[in-house]
Amino acid sequence: MTKRLSRERIVAAALDQLDEHGIDGVTVRAVATRLEVKAPALYWHVHDKQELLDEMGTEIQRRVNAAFIAGFAGRDWRESLEGYARILRAEYLAHRDGARTFSGTRLTDPEALRAQEVWLRSWTAAGLQLADAMDAVDLVTSFVVGFVIEEQERSQSDAARYSLEARDAMVGDEAPLVVAAGHARGDEDARFERQLAIVLTGIDAQLGS
């Protein structure tokens, strides 16, 4: 059984564990149980939970890279970043606690890093400074991570916890704009697009493009 283990199988099992039990349920022991092996068998492949999370994050980045290169390679920086943000959000939302789990993980596959060469070459060839390109990517990534953490916390919690009616009653008539603001948020997809546009417009203004 141990000989048939691979990082790919371990990561797939860990992602299933995440989807069923959330980030707190992902442990080396739990993944080993899922694979019907003893925990020490996994330590040949991943030494601890952080390394396991790094491998999971790397797999998600591979998927992001593949979708990005297929759909947005060669486009200008704004179109590319819009596409990247949507792809990243979709991958995070595809897994319970996705943004909390995958943000901050270290990429372990050099190919996942080298894949960035395609769009960095395209953007710098178009006149964008490398440091500006990386600042733009970091800003958009941070926006997506924060947005999705909040989004998943709401969607994975009891709906009554975020009831607008209960919020309205709590605020009362003394603050009508606060009440109205709660209803002005709109659905998550529309709000994501509005706020992403604000981030990109700010980057655009900073770059003077």
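Structure: above.
Residues numbered from 1 in each chain as written. Predicted model: local features only at pLDDT ≥ 70, side-chain atom pairs only at ≥ 80, totals over all residues. Heavy atoms only, no water.

Here we come to the overall build of the chain. When helices and strands are tallied, the chain shows 12 helices and 0 strands. Along its sequence from the N terminus, the chain presents helices and strands in the succession α-α-α-α-α-α-α-α-α-α-α-α. Across its three principal axes, the chain shows a C-alpha extent of roughly 65 × 50 × 25 Å. For the chain, the residues scored as buried account for 40% of the 209 residues in total. (Helix = DSSP H or I, 4+ residues; strand = E, 2+ residues; numbered from the N terminus. Buried < 20%, exposed > 50% of the residue type's maximum accessible area, 1.4 Å probe, protein only.)

L42, M56, L81, Y92, V140 and V144 are the most contacted members of the largest nonpolar core, which totals 51 residues. The dominant element in this core, judged by the number of residues it contributes, is helix α9 (residues 130–155), at 9 residues. In this structure M56 touches V11, A14, L15, L18, V26, T101 and F102, once residues within four positions along its chain are discounted. (Core = buried A, V, L, I, M, F, W, Y, C linked by side-chain atoms within 4.5 Å. Contact = heavy atoms within 4.5 Å.)

This paragraph deals with the packing of helix α5 (residues 77–93) against α9. For the pair α5 and α9, the least separation of the axes is 10 Å and the interaxial angle reads 35°. In this structure, α5 meets α9 at a crossing whose hand is right-handed. Where α5 abuts α9, its residues L81, Y84, A85, L88, R89, Y92 and L93 lie against A136, V137, V140, T141, V144, V145, F147, V148, E151 and Q152. Here the contact of α5 with α9 is composed, by residue class, of 13 nonpolar, 2 polar and 2 charged. (Axes fitted to C-alpha atoms, helices over the stretch in contact; angles between N-to-C directions. Left-handed = near helix turned anticlockwise from the far one by under 90°. Nonpolar A, V, L, I, M, F, W, Y, C, P; charged D, E, K, R; others polar.)

Centre-to-centre distance and the angle between the planes together describe a pair of aromatic rings. Using the criterion set out here, one finds 8 aromatic pairs in the structure. Between the aromatic rings of F68 and Y84, the centroid separation amounts to 6.4 Å while the plane-to-plane angle is 90°, which identifies the pairing as edge-to-face. Taken as a pair, F68 in helix α4 (residues 49–72) and Y84 in helix α5 lie far apart in primary sequence, 16 residues in all. Residues F68 and Y84 agree in their burial class; the two are buried. Considering the side-chain rings of W119 and W123, the 4.9 Å spacing of their centres and the 50° angle between planes classify their relative orientation as tilted. Taken together, the residues W119 and W123, both in helix α8 (residues 116–125) and 4 residues apart, mark about one turn of the helix. Exposure class is identical for W119 and W123. Each is buried. One aromatic cluster is present, built from ring pairs that chain together F68, F72, Y84, W119 and W123. Geometry around F192 places R89 over its ring, the cationic atom sitting 4.7 Å from the centre. (Phe/Tyr/Trp six-rings, centres within 6.5 Å; stacked < 30°, edge-to-face > 60°. Lys NZ or Arg CZ within 6 Å of the ring centre and 35° of its normal.)

Turning next to the pattern of salt bridges. Within the structure shown, the criterion is met by 16 salt bridges. Salt-bridge contacts for R7 lead to E55; the nearest nitrogen and oxygen are separated by 2.1 Å. You can see R7 sitting in helix α1 (residues 7–21) and its partner E55 sitting in helix α4, a full 48 residues away along the chain. Here R191 and E188 are joined by a salt bridge, their closest N and O atoms 2.7 Å apart. Pair noted here: R191 and E188 are both in helix α12 (residues 188–207), with a separation of 3 residues, about one helical turn. Among the residues examined, R191 registers a relative accessible area of 8% and is labelled buried. Residue class for E188 comes out partly exposed when judged on its relative accessible area of 23%. (Salt bridge = Lys/Arg side-chain N within 4 Å of Asp/Glu carboxyl O.)

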